[in-house]
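Coordinates in review
One letter stands for each residue in the lines below.
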Amino acid sequence: MKQDEQDALVRMRDCWFAGGPAYDLAPAPWQTVAAAQGGEGRETVLLALAGQAFQVAYRPAAPQTFLTSSPLPDLALPTMPDAARSLFRAALKNFDTHGLTERLLGFVASRGFAVHPLDWMPQGATIDAPDLYAPWIDWVARRDAQAAPTDEALTSETWDSFYPAARRGELLRLRVQDPGAARDLLQAKAGGEPAEVRLRLVQILGTNLQAEDQLYLEGLLADRSGKIKVLAAQFLARLGVSMGDEQQKRDDLAELADFLDVKKSLFLRKRSFAPKILKTSAQERRRAALFEGCSLRDLAAWFEVDEATFVEDWSYNNLSEVDEMLVGLAMRTAGDATLRTMKDCMVAAGKSALLLSAHLIPRLPASDGFDLQWSALKILDVDSLDSFQDYAPAFSMLEADDVLSIMMAKTLRADIADTENGARQWRLERGLRLIGFLARHEAAQTLLDHFIAAGLPPMDPSLIPLRLNAALPPKSP
Amino acid sequence: MSLSVQDVETLAPDQASLKSASKLTGPAKWPLLAGNGESGLIWGECQGSGANPYRVVVDENDRGTKCTCPSRKFPCKHALALMWIRAENKAPFSDAAIPDWVTDWLGRRRNTGSAPAALKPSAGPAKSIAETFAAEPEKIETPEALARKERGRAKRAEDKKASLHYAMVELEQWISDQTRLGLAGFLEDAGARCRNIAARLVDFKAQALASRLDELPSRLMALPMEERTEAAIAELGKLVLLSRAWQADPDDAQLMRNVATSETRDQVLEAPNGRRVVSVWEVLAERITTRRDGLVSHATWLMDVQADPADFALLLDFYPASAGARSRSFMPGEQFDGTLVFYPGAEELRAILLDRKVRGDPAQDWKSSDQPAEQDVLSFYRSRQNRAPWSQSAPLLIGAGKLAKCEAGLDWLRMGEVALPVSNQVPDLMFGIDLTATSAIWDGTRLDLLSAQTSIGKVEFVR
């Protein structure tokens, strides 16, 4: 369009906006076309011409600058096969509802695959995802950033080239390979990070915690963040370093000891520790607060034993809420060897102690975690196994016969037959959600066939985890 | 648990449903019939009177059914027909993996897990399959009666034409009033003014025009304030063009479709000038929207993946909103071998699906995906405007590009030096993905993205 036509078009638009005939403002050739019409017909013809000019000759002017977005980074694992994607989406709906997305993502990663970005993406800067997704977490957090992810090794010089999630993953790897180097790096750079990021970084010291970390941890007791101070104190307690006001500590331990019973078996010449049954809820709250504030080593020392002996001599299954306090105390302040001893004791004690032992899994080696889970699966039913849902130390480990031998598989078969039970579907979904990923790839199809033969409709939603397991190829050696 | 003809009789809500189902038991009505022996599910796609096929699934274990048709009867005639075909082995069911849309239905279905209950016959008079075959008395019409009917039809056509002529005069007068009184006032009061003229147009039997005017206020309000005046001029100008074109050729089927009502399916199939295209079609996207006149518009956009340059088709159905929510007829990205019959006219976008065969081959890439980004992406739109200047939008296939935001927060599709604004709600993820080709509808001001071929596979966009 010529400039004079464009100018005329703008004048006609303004005229019609205010109201009135625009014939005199139209370009001459348009007037000629419209003149063939009389009266108001001229205006409608001009309106038709102007409308087409606006829609065809113009298009919205693009802005000078755009906010650029860096490309979605590739992950270390390939995307899962298309054939499994619809099952993954179906599983995600169910797992997400129960807060178990991380478990589902962990299973997919254990098979050597990443999820398709259209099926799942980290929300915001969420950190509840396997490290595999660190590049995506960073991309979501800093989508508008110009910098591309770096391939360099993490050093104090390259610290700022890394996005937070990727940096944390690198630091964790370094801590496993060279704990001292990781600590030095933290000491040099963590102080400059915001409190929430700093806390996530300091948590890495929990891996391969060692006596050489003591000096740095003592320094962290003066950190600006209260959470970091508490974490540093817990790590120091795990190293056997006692902190705080000695008198206050002694007073608290004396008070806590009063809430516990020390029984001596004359026959076995053995001592055992057990919680007292308290009279008021105020006393119970006080006992819980005292468990929160002390270390296992100090508590054991009060009774003149070491921490491993204390957890060995603890009388489990008396009051499960106090057992839970002891598990919490051990997780925060006990050494790794003590935790393994505690696991053995709790497995031997069975009942609710066995259930509570699930909370030890995050600090146990994978093989111990799997043993613990296997011990629980053999004897516990679907109603009791909730605490194990959050922990999955080993996916794809069991053969079909192993799975079918566990207590839950037996009760699930009974549930399938018990069609009058209103809680049947809920129990089936919960049970199969837990065991669906434990079976090996080949075993998953056998289990599917087994449960269908037992009477479960082939497309029952509770079978989705097993179907996903069967659809995802096993990890390449 | 296999189905029997007695099951079909028992489940049918009434005799009329059985009668209707009997007409759908021919294999020709079912482009797809499949089942999964392990799960006891059968499913199919039935070509009904609409442009989009209905998807039907039956669970043989408990006789549960689901169909995408808007019928209020349950089970509907399509589900009954599918069971009937199965019960009498009227056509083979291919053994197939359960498709996503069936899996979705199973996921949503309330599953009590209980054993299939004994079939309960629905209330009302007894139904019988045998009765559906009873011959209806043949109506014999005399030559006089036929001639009378023909005269009546011709008179109705003349009356309609005269009525539509009044509609055009009234419409142009109304448009003229809007510019005379000022578009500022029109934009402030567009809802009431458009509703009034739409009601008058309905009185004059110009239903299509009335619907277009009914939708105009919401289209204008969706735009930023500074664009509304020009958009109002463009749309009112197009209405003038449509009015003049119809007055010049009131018998033109395409113009009649834009002004009053569309031809029936049979009329389109019998039209001598209807274009038929046999090819591989890909489902780009579905748009199911409720209009202000109480109708739900179900639009399915297809692209001929073998044509270069791209060729598009639109399957369009309308049904009352009171019939309930409608499910998808296709999965986006799905490709099939099919014959499409286009409605006659210069626009040649709206079509009817004549036959369809599910493709087993891997999906074909889009042919035009390697077109240079700098090429004038709107050339198809312009050429379509030259043929049918009253049309509001046109589909496009755009070459390699990337989505980006501007500082004002608006989303744009950038192709080299060219950038066009986008009206969709684009997920954040898409700003980090390279689009190798994008299908979209351009309405002169915004792109409505349909789907894209990307570095992470095919992606469907929603509105």
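Our structure is the block above this text.
Notes on the structure follow. Computed from a prediction, not measured in an experiment: that's the story for all the values here.

1. Structural notes on the sheet that holds strand β13 (residues 411–415) of chain B
- Ordered by their spatial adjacency, 4 strands build an open sheet running β1(A)-β12(B)-β13(B)-β14(B), and the pairing between neighbours is antiparallel. Bordering the open sheet on either side are β1 (66–67) of chain A together with β14 (418–421) of chain B, each of which pairs with just one other strand.
- Judged from the 4 bridges that link them, strand β12 (residues 402–406) of chain B and β13 of chain B form a sheet pairing that is antiparallel. Residue Lys402 of chain B lies in a different strand from β13 of chain B, and its bridge partner there is Arg414 of chain B.

2. A word on the packing of aromatic side chains
Residue and element names in this part refer to chain B.
- As enumerated under the stated definition, the model contains 14 aromatic pairs over all chains in all.
- Above the face of the Phe342 ring, Arg275 is positioned so that its terminal group lies 4.2 Å from the ring centre.
- The positively charged end of Arg356 is found above the aromatic ring belonging to Phe336, 4.9 Å away from the centroid.

3. Brief notes about helix α12 (residues 246–258) of chain A
Residues and elements named next belong to chain A.
- The end-to-end C-alpha distance of α12, which contains 13 residues, comes to 18 Å, matching closely the 18 Å that a straight helix rising 1.5 Å per residue would cover.
- Within the span of α12, buried status applies to Lys249, Leu253, Leu256 and Ala257. Taken end-on, α12 shows its buried residues confined to a sector of 100 degrees, consistent with a single buried face.
- The elements touched by buried residues of α12 are β2 (260–265), α13 (281–293) and α14 (296–302).

4. Topic: the nonpolar core
Residues and elements named next belong to chain A.
- Residues Phe291 and Phe310 are the most contacted members of the largest nonpolar core, which totals 71 residues.
- When residues in this core are grouped by element, the largest group, 7 residues, is from helix α16 (residues 320–333).
- Contacts of Phe291, omitting those with residues within four sequence positions, involve Leu256, Leu260, Leu299, Trp314, Val322, Met325, Leu326, Leu329 and Arg332.

5. Looking at the pairing of strand β2 (residues 41–46) of chain B
Residues and elements named next belong to chain B.
- Most of β2 is tucked away, with 6 of its 6 residues classed as buried.
- With burial as the criterion, each face of β2 is covered, one bearing Leu41, Trp43 and Glu45 and the other bearing Ile42, Gly44 and Cys46.
- In this sheet, β2 lies alongside strand β1 (residues 32–36) in antiparallel orientation, the contact comprising 5 bridges. Across the sheet, the residue bridging to Asn36 is Leu41, located in β2.
- In terms of strand pairing, β2 meets strand β3 (residues 54–59) through 6 bridges, oriented antiparallel.

6. Remarks on the pairing of β1 of chain B
All names here are of chain B.
- β1 sits mainly inside the fold: 5 of its 5 residues count as buried.
- Every second residue of β1 is oriented toward a common face, with Leu32, Ala34 and Asn36 on one face and Leu33 and Gly35 on the other, all of them buried.
- Turn length for the β1-β2 hairpin, with the two strands adjacent in sequence and antiparallel, is 4 residues, and the turn residue Gly40 shows positive phi of about 75 degrees.
- Alignment of β1 against strand β5 (residues 94–95), held across 2 bridges, turns out to be parallel. Considered in β5, the bridge of Ala34 is made with Ser94.

7. Comments concerning the side chain of Arg167 of chain A
All names here are of chain A.
- Its location among the elements puts Arg167 in helix α7 (residues 164–177).
- By relative accessible area, which is 5% here, Arg167 ends up buried.
- A polar contact is formed between the side chain of Arg167 and the backbone oxygen of Phe162, at a distance of 3.1 Å.
- Excluding residues within four positions of it along the chain, Arg167 makes contact with Leu154, Trp159, Asp160, Phe162 and Glu193.

8. Some remarks on unusual backbone geometry
- Here the bond from Phe74 of chain B into Pro75 of chain B is cis, since omega is -5 degrees, no more than 30 degrees from zero.
- With an omega dihedral of 10 degrees, the bond running from Asp308 of chain B to Pro309 of chain B counts as a cis peptide bond.
- In this fold, Pro309 of chain B is placed in the loop between β7 (295–304) and β8 (311–320).
- Backbone geometry at Asn208 of chain A places phi at a positive 55 degrees, although glycine is not the residue there.
- If you check the backbone angles, Asn317 of chain A has positive phi at about 70 degrees while not being a glycine.
- Inspection of the secondary structure assignment puts Asn317 of chain A in the loop between α15 (307–313) and α16.

Rules of the game
Residues numbered from 1 in each chain as written. Chains lettered and ligands numbered in written order. Predicted model: local features only at pLDDT ≥ 70, side-chain atom pairs only at ≥ 80, totals over all residues. Heavy atoms only, no water. Pairing = 2+ DSSP bridges. Helix = DSSP H or I, 4+ residues; strand = E, 2+ residues; numbered from the N terminus. Phe/Tyr/Trp six-rings, centres within 6.5 Å; stacked < 30°, edge-to-face > 60°. Lys NZ or Arg CZ within 6 Å of the ring centre and 35° of its normal. Expected span 1.5 Å × (residues − 1). Buried < 20%, exposed > 50% of the residue type's maximum accessible area, 1.4 Å probe, protein only. Arc of directions from axis to C-beta. Contact = heavy atoms within 4.5 Å. Core = buried A, V, L, I, M, F, W, Y, C linked by side-chain atoms within 4.5 Å. Polar contact = N/O pair within 3.5 Å; in protein donor to acceptor, adjacent residues only side chain to side chain.

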